[in-house]
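Chain by chain, the residues:
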Amino acid sequence: MPIIEVPVVIVGAGPAGIATAGCLNKLRISNIVLERDDCPASLWRKRAYDRLKLHLGKDFCSLPHYPFPSDFPNFVPRVDFLRYIDSYVAHFGIAINYNCSVDSAFIDQSSGKWRLLVTNNSSGADEIYEAEFLVVASGENSEEYIPNIQGLESYQGESMHCSKYLNGREMYKKNVLVVGCGNSGMEIAYDLSNWGAYTSIVIRSQVHYFTKEMVYVGMLMLKHFMVEKVDKMMVLMSKLKYGNMFKYGLTRPQEGPFALKIKGGTTPTIDVGCVEKIKKGKVKVYPGISSIKEGKVVKFVDGQHAHFDAIIFATGYKTNVLKWLKDYKNLFNENGMPKPSYPNHWKGEHGIYSAGFSKRGLEGISFDAMKIANDINFTLTSRVNQITS
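Residues numbered from 1 in each chain as written. Predicted model: local features only at pLDDT ≥ 70, side-chain atom pairs only at ≥ 80, totals over all residues. Heavy atoms only, no water.

## A word on the overall build of the protein
So, step 1. Per the secondary structure count, the protein includes ten helices and 21 strands.
So, step 2. At 23 Å, the protein has a C-alpha radius of gyration in line with the 21 Å of a compact globule built from 389 residues.
So, step 3. Summarising the internal contacts of the protein: among those between residues at least 6 apart in sequence, 63% fall at separations of at least 24.
So, step 4. Here the protein carries 46 positive and 38 negative side-chain charges, and the mean point of each set is 7 Å from the other. (Helix = DSSP H or I, 4+ residues; strand = E, 2+ residues; numbered from the N terminus. Rg over C-alpha atoms; globule rule 2.2 N^0.38 Å. Contact = heavy atoms within 4.5 Å. Lys, Arg positive; Asp, Glu negative; His and termini not counted. Charge placed at Lys NZ, Arg CZ, Asp CG, Glu CD.)

Below you can see the structure in the form of structure tokens.
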């Protein structure tokens, strides 16, 4: 079987993968992106709900060397973001091999390079790639995560991960439970209520909640003030807008929102209107789920029981790195996440890099992509200088 040799192989054509490829192409460093799906940014294109927008202003979300068009709204809708992604791929001439699943990646002992065994699902052929540099850009959101709940396997209603949710059209007059109070969970609960579903949401942990405009102001303030000062202002703004939400089942963490984010902890929730629906009783809050009983009955940890026609799990994703990256210990831990903490998480040993694992959204992706491309360029340039000197 012939070996396809290329200086850099990037695994994953999400925003992290194409941003890294764009930066490499700008530096004229040859690379190839391997993508298991048939399109770039498949999570946004195929597994996102209709009303999704970027929750941060576009100033904080553009990929390297390519700002959003000036006529795009500040909070970019999903469809426009996909237009931007497609334009980015075309502008930088990014080479993507679609329908290519990486089965295994390891350091070849004879060559010292990264060898990738790949299944081309379009042709059915097996392929081998060899590269000096490997960029893992398959991301934190490779696979859906649904918690192990006693009785879920015998639940007789409809259950799905939020990646399968488009809108609440089919949920009119149904009792629907959303599990998870992050951005997706709160927005899906809001959307369901707007579509006429009898909506409830599980909120187990403390959470900060703000409007997207508040977060935008906070991000701008971080450019000029310390995190502690900005956090105090953010919490004050939240209290002035929402008041004390304890009686509705929402409590704020003691630590500030940006401090928690920097630590890699709880991400503040962007409220698009769900909090107001909770206050008006249109969205009911429950604590954690204890178990699922006969039929469609859900039991909660406080002893309450309720009947639900559908359960939507907005419980996040997990990485799949350890399933295919055999020599992962050069950079990744046993959970499939980088061992070094931010801002040193992007580089490992023996030419391996990670893009999109910083838990800092699109801004973090841009940081990773530029760091990786510049580091590879430095390595290659230094080698040429040594040879010519």
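Once you've had a look at it, read on.
## As for the packing of aromatic side chains
So, step 1. Under the defined criterion, the tally for this structure stands at 20 aromatic pairs.
So, step 2. Aromatic pair Phe75 and Tyr216: ring centres 6.3 Å apart, planes at 75 degrees, arrangement edge-to-face. Taken together, the residues Phe75 in the loop between α2 (42–46) and α3 (78–91) and Tyr216 in helix α5 (residues 212–221) connect sequence positions 141 residues apart.
So, step 3. What makes Phe75 buried here is its relative accessible area of 12%.
So, step 4. Ring centres 6.4 Å apart and planes at 45 degrees place the aromatic pair Phe133 and Tyr353 in the tilted group. One end of the pair, Phe133, is in strand β8 (residues 133–136); the other, Tyr353, is in strand β21 (residues 352–354), and 220 residues separate them in sequence.
So, step 5. Residue classification places Tyr353 among the buried positions, given a relative accessible area of 2%. (Phe/Tyr/Trp six-rings, centres within 6.5 Å; stacked < 30°, edge-to-face > 60°. Buried < 20%, exposed > 50% of the residue type's maximum accessible area, 1.4 Å probe, protein only.)

## Let's talk about unusual backbone geometry
So, step 1. With an omega dihedral of 10 degrees, the bond running from Tyr342 to Pro343 counts as a cis peptide bond.
So, step 2. Its place among the elements puts Pro343 in the loop between α9 (321–324) and β21.
So, step 3. One non-glycine residue, His65, adopts positive backbone phi at about 65 degrees.
So, step 4. With respect to the helices and strands, His65 occurs in the loop between α2 and α3.
So, step 5. The phi dihedral of Asn99 is positive, around 60 degrees, even though this residue is not glycine.
So, step 6. With respect to the element layout, Asn99 can be found in the loop between β4 (96–97) and β5 (100–107).

## Let's talk about the state of the cysteines
So, step 1. Within this structure, the stated rule accounts for zero disulfides.
So, step 2. Among the cysteines around Cys100, which has no disulfide bond, Cys39 carries the closest sulfur, lying 14 Å off.
So, step 3. By relative accessible area, which is 2% here, Cys100 ends up buried.
So, step 4. The structure places no disulfide on Cys181, whose sulfur is separated from the nearest cysteine sulfur, that of Cys274, by 9.8 Å. (Disulfide = S-S within 2.5 Å.)

## Regarding the pattern of salt bridges
So, step 1. Summed over all chains, the structure comprises 14 salt bridges.
So, step 2. Here Arg47 makes a salt bridge to Asp37, at a shortest N to O gap of 3.7 Å. Pair noted here: Arg47 is in the loop between α2 and α3 and Asp37 is in the loop between β3 (31–34) and α2, with a separation of ten residues, a long-range link.
So, step 3. Judged by its relative accessible area of 24%, Arg47 is partly exposed.
So, step 4. A salt bridge links Lys46 to Asp38; the nearest nitrogen and oxygen atoms lie 2.7 Å apart.
So, step 5. Note on Asp38: relative accessible area 43%, which makes it partly exposed.
So, step 6. Within the structure, one salt-bridge network assembled from shared partners comprises Asp37, Asp38, Lys46 and Arg47. (Salt bridge = Lys/Arg side-chain N within 4 Å of Asp/Glu carboxyl O.)

## Focus: the side chain of Ser42
So, step 1. Residue placement: Ser42 occurs in helix α2.
So, step 2. Given a relative accessible area of 9%, Ser42 falls into the buried group.
So, step 3. The residues touching Ser42, leaving out its near neighbours within four places in the chain, are Glu35, Asp37 and Arg47.

## Here's the deal with the sheet that holds β4
So, step 1. What the five strands build is an open sheet, ordered β4-β3-β2-β8-β21; its pairing is parallel. Only two strands of the sheet have a single neighbouring strand rather than two, namely β4 and β21.
So, step 2. Here helix α10 (residues 361–388) sits on the sheet in contact with β2 (8–11), β8 and β21, set at roughly 160 degrees to β21. (Pairing = 2+ DSSP bridges. Axes fitted to C-alpha atoms, helices over the stretch in contact; angles between N-to-C directions.)

## A closer look at the packing of helix α1 (residues 15–26) against α3
Each pair of packed helices can be summarised by the angle the axes make with each other and by the distance between the axes.
So, step 1. In contact at an axis separation of 10 Å, α1 and α3 are set at 30 degrees when each is read in the N-to-C sense. Relative to α3, α1 is oriented roughly parallel. As for how α1 packs across α3, the hand of that crossing is left-handed. Judged by residue contacts, Pro15, Ile18, Ala19 and Gly22 of α1 engage Phe81, Ile85, Tyr88 and Val89 from α3. (Parallel < 35°, antiparallel > 145°, perpendicular 65-115°, else oblique. Left-handed = near helix turned anticlockwise from the far one by under 90°.)

## Looking at α3
So, step 1. Between its terminal C-alpha atoms α3 stretches 20 Å, which fits the 20 Å expected from 14 residues at 1.5 Å a residue.
So, step 2. Looking only at α3, the buried set comprises Arg78, Asp80, Phe81, Leu82, Tyr84, Ile85, Tyr88 and Val89.
So, step 3. Its buried side turned inward, α3 meets α1, α2, β4 and α10.
So, step 4. Following α3 by one or two positions, Gly93 has its phi on the positive side, about 60 degrees. (Expected span 1.5 Å × (residues − 1).)

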